[in-house]
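One letter stands for each residue in the lines below.
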Amino acid sequence: MTAPTMPPLTTTPARTVTWTELITAVQRAGQYPTRTEAERITRTVLSALGRHVTGDERVALAQALPEEAARAIASEIPAPHPLTAPEFVEAVADRTAGATPATARWDVSSVLGVLPPLLGETLVDDVLRQLPQGYALLFGRAELVPRP
């Protein structure tokens, strides 16, 4: 028996995650002491991601996320070329007061790592296809073979 396949997520998903669910998931994953901190980090990471996801994937991601998160993604003008994963983490560190590369990596992984179960693997696959190699680890996935 094969696993059911999901339709491409360039259409609206059947259920959209709520802001509360997203922040609760980030707060748990990152072990942040307050909801306020989890919200700040979520907005920072999603706005940085919004610079590097374009086209149908950006629209689908915004549609799948709650309005607050969609605004963070849409608030950024897309970059001409996406940053590498380490550069992305560095960019988040630059946007976060008091962050170090290690804490920024934790923040990025805490936010992006909760997206696959909340948004669906298909949408995350679509987003990852658009980004340079190395981002899969930030989404909590192994990236064992180079993409073509």
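Note that this is a predicted model, so its numbers are computed, not measured.

Draft legend 1. Representation of the nonpolar core within the structure. Ranked by internal contacts, the top residues of the largest apolar core, which has 42 residues, are Leu22, Leu46, Leu65, Phe88 and Leu112. If one sorts the elements of this core by residue count, helix 2 (residues 35–50) sits on top with 6 residues. Every residue in contact with leucine 22, bar those within four places of it in the chain, is listed here: Val17, Thr42, Leu46, Leu65, Pro66, Ala69, Val114, Leu115 and Leu118.

Draft legend 2. Layout of empty space enclosed by the protein. If you walk through the whole model with that rule in mind, you get 1 cavity of 30 Å³ or more. Lining the largest cavity are Leu49, Leu61, Leu115, Leu119, Leu123, Val124, Val127 and Phe139. Of all the secondary-structure elements, those providing two or more residues to the lining of the largest cavity are helix 7 (115–119) and helix 8 (121–130). No other element matches the 3 residues that helix 8 contributes to the lining of the largest cavity. Here the lining of the largest cavity is built from residues that sort into 8 nonpolar, no polar and no charged.

Draft legend 3. Here's a closer look at unusual backbone geometry. Despite not being glycine, glutamine 31 has its phi angle at roughly 55 degrees, a positive value. Relative to the assigned elements, glutamine 31 resides in the loop between helix 1 (19–30) and helix 2.

Draft legend 4. Looking closely at the side chain of arginine 141. When you line up the elements, arginine 141 lands in the segment after helix 9 (135–138). In this structure, arginine 141 is in contact with Glu121, Val124, Asp125, Leu128 and Ala136, ignoring residues within four places of it in sequence.

Draft legend 5. Local environment of the environment of glutamine 130. With respect to the secondary-structure elements, glutamine 130 resides in helix 8. Sequence separation of glutamine 130 and valine 53 is 77 residues, and the distance between their C-alpha atoms is 6.9 Å. When sequence neighbours within four positions are dropped, the list of residues in contact with glutamine 130 reads His52, Val53, Thr54, Glu57 and Pro82. For glutamine 130, the side chain forms a polar contact with the main-chain nitrogen of threonine 54, separated by 2.6 Å.

Draft legend 6. Representation of helix 4 (residues 67–74). Every buried residue of helix 4 is accounted for by Ala69, Ala70, Ala72 and Ile73. The buried residues of helix 4 occupy an angular sector of 155 degrees when the element is viewed end-on, so they sit on one face. Exposed side of helix 4, more than 90 degrees from the buried face: Glu67 and Ala74 are the residues found there. Elements that come into contact with the buried residues of helix 4 comprise helix 1, helix 2 and helix 3 (55–64).

Calculation notes
- Residues numbered from 1 in each chain as written.
- Predicted model: local features only at pLDDT ≥ 70, side-chain atom pairs only at ≥ 80, totals over all residues.
- Heavy atoms only, no water.
- Core = buried A, V, L, I, M, F, W, Y, C linked by side-chain atoms within 4.5 Å.
- Buried < 20%, exposed > 50% of the residue type's maximum accessible area, 1.4 Å probe, protein only.
- Helix = DSSP H or I, 4+ residues; strand = E, 2+ residues; numbered from the N terminus.
- Contact = heavy atoms within 4.5 Å.
- 1 Å grid on protein atoms, 1.4 Å probe; cavity = no way out; pocket = protein on both sides within 12 Å on 5 of 7 lines; lining within 4 Å.
- Points joined across faces, edges and corners; volume = space filled by probe spheres on them.
- Nonpolar A, V, L, I, M, F, W, Y, C, P; charged D, E, K, R; others polar.
- Polar contact = N/O pair within 3.5 Å; in protein donor to acceptor, adjacent residues only side chain to side chain.
- Arc of directions from axis to C-beta.

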